[in-house]
Amino acid sequence: MISDQFPALIIVFPLIIAFWINIVGWWWKRPCFYMSILALSVSFISAIGILNTVITSGTIHYRLGGWEPPWGIEYVVDHLNALILVIVSFVGLVVGIYSKKSIEKEISEAKIPQFYTIYTFLVMGLLGMTVTGDAFNLYVLLEIASLASYALIAMGEDGAPLASFNYVIMGTIGACFYLLGVGYLYIATGSLNMADFSQLLPNLYHSKTVLVAFAFLMVGVAIKMAFFPLHGWLPDAYTHAPSAVSAFVAATMTKVGAYVMIRVMFTIFKPYFSTEMLPATTILGWIAAAAMIYGTVLAIAQKDIKRMLCYIIIAEVGYIVMGVSVGNRMGFTGAVLHIVYDAFMMACLFLVVGAVYYKTGARTIVEYKALFKKMPLTSVSFAIGALSVIGIPPTCGFFSKWYLVLGAINAQQWLFAAALLVSSLLSAVVFFRVLQNIFFAPSESAHKQGSEPHVEVMRDEAPVSMLIPILITVTGILLLGVFSGQIISTIIQFTVPEGF
Amino acid sequence: MIEYIIAKYNYWGYILLMMIGFYAMIGKKNLVKKLLGMNVFQWAIILFYVSIASKKGGATIPIVMGAHGHYEPAQAIQFLNPLPHCLMLTAIVVGVSTTGVALALIIMIHRRYKTVEEDEILESLEAFKK
Amino acid sequence: MEIIYSSRPALAILVSLIGAFLILLTGERSRNLREFWTILASVVKFSIVLSMVPFILDGKILEYTVFNISPGLSIQFKVDALGIIFGLTASFLWIITSFYSIGYVRSLKEHAQTRYFVCFAIALSATMGVAFSANMFTTFLFYEIITVCTYPLVAHKETPEAIRGARKYLTYLLGTSIAFQLLAVFLTYYVSGSLDFKYEGLLSGALGSGVSETLLTVIFILYMAGIAKAAMMPLHSWLPAAMVAPTPVSALLHAVAVVKTGVFVVVKVVLHIFGINLLTQLGLGTALAYFASFTIIVASVIALTQDNLKLRLAYSTVSQLSYVILGVALLTPSAITGSIMHITLHAFGKITLFFTAGAIYVATHKTKVSELDGIGRQMPFTMGAFTLGALSMIGIPPLGGFISKWYLTLGAIEANQFPIIIVLAASTILNACYFMPIVYAAFFKEPLPDPHHHQHSNSHKKLHEAPALMVVPLVLTAIGALILFFAPTFFLDMTRIALKSVIGGN
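Computed from a predicted structure; not experimentally measured. (Residues numbered from 1 in each chain as written. Chains lettered and ligands numbered in written order. Predicted model: local features only at pLDDT ≥ 70, side-chain atom pairs only at ≥ 80, totals over all residues.)

Draft legend 1. A look at the overall build of chain A. When helices and strands are tallied, chain A shows 20 helices and two strands. Each principal axis of the C-alpha atoms in chain A carries an extent, and together these give about 80 × 60 × 45 Å. Within the span of chain A, comprising 500 residues, buried residues form 64% of the whole. In chain A, 80% of the contacts between residues at least 6 apart in sequence involve partners at least 24 apart. (Helix = DSSP H or I, 4+ residues; strand = E, 2+ residues; numbered from the N terminus. Buried ≥ 20, exposed ≤ 12 C-beta atoms within 10 Å, placed from the backbone. Contact = placed C-beta atoms within 7 Å.)

Draft legend 2. Spotlight on the arrangement of the chains. If you rank the two pairs of chains in contact by how many contacts each has, first place goes to chains A and C. Contact between chain B and chain C is absent, and the minimum C-alpha spacing across the pair is 30 Å.

Draft legend 3. Region of interest: the interface of chain B and chain A. Facing the 25 residues of chain B at the interface are 21 residues of chain A. With twelve residues, the single largest contributor to the side of chain B that touches chain A is helix α4 (residues 82–113) of chain B.

Draft legend 4. The arrangement of the interface of chain C and chain A in detail. Chain C puts 30 residues into the contact, and the matching count from chain A is 28 residues. Put simply, the parts of the chain that give the side of chain C that touches chain A at least two residues each are β2 (61–70), α5 (136–154) and α6 (160–192) of chain C. When residues in the side of chain C that touches chain A are grouped by element, the largest group, 13 residues, is from α6 of chain C. Broken down by class, the residue content of the side of chain C that touches chain A amounts to 19 nonpolar, five polar and six charged. (Nonpolar A, V, L, I, M, F, W, Y, C, P; charged D, E, K, R; others polar.)

Draft legend 5. Molecular detail of the packing of helix α1 (residues 6–24) of chain A against helix α2 (residues 30–57) of chain A. Residue and element names in this part refer to chain A. The geometry of α1 relative to α2 is characterised by a closest axis approach of 9 Å and an angle of 175 degrees between their N-to-C directions. Between α1 and α2, the angle is such that the two are roughly antiparallel. Here the residues of the contact of α1 with α2 are counted per class, giving 20 nonpolar, four polar and no charged. (Axes fitted to C-alpha atoms, helices over the stretch in contact; angles between N-to-C directions. Parallel < 35°, antiparallel > 145°, perpendicular 65-115°, else oblique.)

Draft legend 6. Here's a closer look at the sheet that holds strand β1 (residues 3–5) of chain C. Residue and element names in this part refer to chain C. The strand order across the open sheet formed by three strands is β1-β2-β3, and the pairing between neighbours is mixed. Both outer strands of the open sheet, β1 and β3 (73–79), are each paired with one neighbouring strand and no more. Averaged over all adjacent pairs, the angle separating strand axes in this sheet is 35 degrees, with direction ignored. Two strands pair when backbone bridges link them, and β1 and β2 are joined in this way by three bridges, in the parallel orientation. By the bridge assignment, I3 is partnered in β2 with I61. This element, helix α1 (residues 8–26), spans β2 and β3 of the sheet and lies at about 75 degrees to β2. (Pairing = 2+ DSSP bridges.)

Draft legend 7. View of the confidence of the model for chain C. All names here are of chain C. Here chain C averages 82 in pLDDT, and 95% of its residues register 70 or above. Long-range and interchain partners of residues 455–461, a stretch whose pLDDT sits below 50, account for six contacts in this model, where long-range means more than four residues apart. The ipTM assigned to the predicted complex is 0.91, against a pTM of 0.87. (pLDDT = per-residue confidence, 0-100.)

Draft legend 8. The arrangement of helix α16 (residues 376–390) of chain A in detail. All names here are of chain A. With 15 residues, α16 extends 21 Å from end C-alpha to end C-alpha; this agrees with the ideal 21 Å at 1.5 Å per step. The buried fraction of α16 amounts to twelve of the 15 residues, a majority that puts the element mostly inside the structure. Residues T378, S379, S381, F382, A383, I384, G385, A386, L387, S388, V389 and I390 constitute the buried set of α16. (Expected span 1.5 Å × (residues − 1).)

Draft legend 9. Region of the structure containing the environment of I413 of chain C. Residues and elements named next belong to chain C. With respect to the secondary-structure elements, I413 resides in helix α16 (residues 401–414). By C-beta crowding, I413 is classed as partly exposed, having 16 other C-beta atoms within 10 Å. Spatially, the C-alpha atoms of I413 and L284 are 18 Å apart, while their sequence positions differ by 129 residues.

Draft legend 10. Focus on the nonpolar core. Judged by nonpolar contacts, the single largest core of 443 residues is most densely connected at A347 of chain A together with I325 of chain C. Leaving out residues up to four positions away in the same chain, I325 of chain C has contacts with A230, M232, V263, V266, L288 and A292 of chain C. (Core = buried A, V, L, I, M, F, W, Y, C linked by C-beta atoms within 7 Å.)

Draft legend 11. Representation of unusual backbone geometry. Omega for the peptide link from F228 of chain A to P229 of chain A comes to 0 degrees, which places this bond in the cis form. Structurally, P229 of chain A can be placed in the loop between α8 (208–224) and α9 (233–240). With an omega of 0 degrees, the peptide bond running from P393 of chain A to P394 of chain A counts as cis. Backbone geometry places A231 of chain C, a non-glycine residue, at a positive phi of 55 degrees. When you line up the elements, A231 of chain C lands in the loop between α7 (213–226) and α8 (238–241).

Draft legend 12. Looking closely at the pairing of strand β2 (residues 74–77) of chain A. All names here are of chain A. In β2, alternate side chains face the same way, and those of E74 and V76 on one face and Y75 and V77 on the other are all buried. For strand β1 (residues 60–63) and β2, the ladder comprises four bridges, and the chain directions are antiparallel. If you follow H61 over to β2, its bridge partner there is V76.

Draft legend 13. Region of interest: α1 of chain C. Residue and element names in this part refer to chain C. With 19 residues, α1 should cover 27 Å at 1.5 Å per step; its first-to-last C-alpha distance of 27 Å lies within 8% of that length. Listed as buried for α1 are P9, A12, I13, V15, S16, G19, A20 and I23. Just past α1, the residue G27 takes up positive phi, approximately 60 degrees.

As structure tokens, then:
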């Protein structure tokens, strides 16, 4: 049955297609886009198939090449990664469709096949990181994804190569730390399989090797997911990247990084290691609270909208880590829910910014004046995305924040709950400045009663191939929120580690 | 105590290399030097992994000499652990690819800004914006 | 109490959402068709709400669950007597305001009319949502939606002052609701595991199960601070700032929908989340009553100093809203009756006054009280209605406002709070002080020489009313205030039913 092979198909198919895109691209430029979309669609369908299988029959164990673990590489899909697989492939597909028009404008025509090749590799790398159950395999796919993102980001505007270079340096440090961590664990246990680790390690929790391994793993992952204060690479890199690339990486890379962190903390190491034996979750919680406030405060200071959104990402990562760190069911549910919803929110916001840049070249808040008249649908989409980040019902952002705050209160961490609410208020300030400019540009002359605007601003909405992805994400934001209950009861409640 | 330090000389070696690489990555302004630092950093880790594959007592490479056609059980204690070596093959490839990408970026930067010193590049970026 | 499951509350909300969508689609292409959708939506909404009344009079409750998100967290509607009173008032007044809006917007040839009507429709949807909500979560949901969709209405004129005023509006309302109300909602859930409105008070058993008094007091304070729409001082500044909106917006939203939502939520929090017994035990009722009294007096004094007519009315609203809060804070049957009645009676009176202000502006472009000398001869209907509205505010029979003041006074006596009676008396006098001079000036003074209008000296005898589309509604609401005095039984019965569920046959 093909559906049994989905875990492998989700990686292999884009891999092969990406290779062929590059070859075909030497002669014909046009098919590249369609081949990429084909690969991503197959991934998306596989992801849905996997999710279905996981919901009905539980965790999938897929052995590559039929080799038994721990000798062979095993792909383990439980509820958590199934959900993230769907999200990553969905965002990849949606942004892929969006990218056709925006890339034509931002990248020289000769490089378009390369763009699609590397983009497919990037999505594949992230999907691979999510689906694998082997720690070293994760490193390999992490590097694939990172390399692809370095290249894609460098294709952007002025300042992109330098930003990408800095990202190369920092990202390599992160990946190398991760590799070191895996190395130490290998020394201690002789295995590389995550499930194996969780069985072999408990006896070794008192050894320094394992402790150091944990530290290296966590720092490496923290660099990759731009967790304050290791976030320095993110604002520059995501701001200067091409619009489609920004949208995709903003929505997914940091979230997959957070997923890896959850795996390290709760699958490789048993939950009680991070919560009771080490004050890891406490430390994480405090840093996360700092991240939330830092991200939103710095976002207020930005003039470039993309940069502003980048700092919001840093705050969002803070929310997710805080949800994980409070160590109870509600908080963890909130964190996983936030991973899902944040992907939609960030995708929506970055896609809108890209569409506006495509149509008008506007990138700063001041240039967004009176945007509503020119691009009404896009402006409303931005407003809905903004409301979701602030956390106003009925958008989905409210529901994930609900669980996060409840989790914090349940754990008696009043300060974290307060930090979350303060950060929501500050993001209201951040976004309403922009929204005010978009919807109500103050007219220079005193407004006379009864005068119709003399200058008829032309309605110049974004092209359909960009508008449809934006509207899909907006629909997601509006609908997913009220269905949070179903999402939690069918999927997320099975992801919560035992003991919570 | 001294034996303890001497016995773990591979750890000391790799830590030293890693710190050199780390310093170069963060402390140097020249992009090529940063890249060199990154290489040293990665290679330190690879050396470390390779070093842990060795065993005391004169373990040798995992190839059984003259065993073609014979079927003797091999004594694992005589041979190095090949797994870290294989893992490091992958890591070396990753390192090389990363170096390649970084070099391409440096070439791009050099073409654009005519320099590979980070502070000069930032200056010209600022000038560009104005 | 018998529960009936019916989708009518959801329909009432849905009607104006569909209306908003149709308005958006029609746009500027056909103004009459677009206005038709508004009127149709308002009439249908009112009929749906009206259709629920027989059930409530019978003592039943209508319930409807939209979404069950997780245990204790759901979007659920429950229509009871209290909600029906608010719902009827808001939906009826929307019909009237729609006509008035059409007249106002067309006379002044306002821009962005489609946006105006769309936002209005959504705002009324959300108001119905608050009126019919069954738990604090649904209430918070619709409360926020009201804030977000009235923001474009406040900023409508798009002048720098309008944008500043709208920003202040948003800051106060959004800031307090996220910082305080949301926190209070979380804490309520944490303490009791649920957010449903219960007739004896959701938290009434909390003291018994060991929750500390301090925590409950903190939750109460957070609620009161978080419901800035009730315009209790010191969180009232958004209301005068929101007067930059067009007058129909000020009329419906700031006399009926937005501020009434605020006090309605306060009433629900006091009665259905905390409950009379708990608040009496904690002594918080008296504290709230004194806070409200402070607002009543101080806002009235500030109103005296305002020359801009709309600002004077705004501060009068601030003061009158605290009557409702005062009534419910006294925690006695008569006081609560008075406070619930005041929701409706004040709505009719205030909307008349705002309509008048708008009519004056459209007809003469005057905004200041000092300019209103002799205007009664040019606009007799308008100023007549103004007089009736003012008398209702002051609380003089035969206008409706008298009934609620009567019950509030009775309630103060029942609660043995004699200083409150003094407060009520003082504010009545203050109301008279800032309303009667306007009436006097309008009818009995000579009109000022007017440099703006080219009028001859004897043209003040000429009738110069605002367009009929504006004058008829305001006369209707004024007569409404009059009728409510003579025929209050319907509302009194409803209030009694609401009271019985809370106090249980006392």
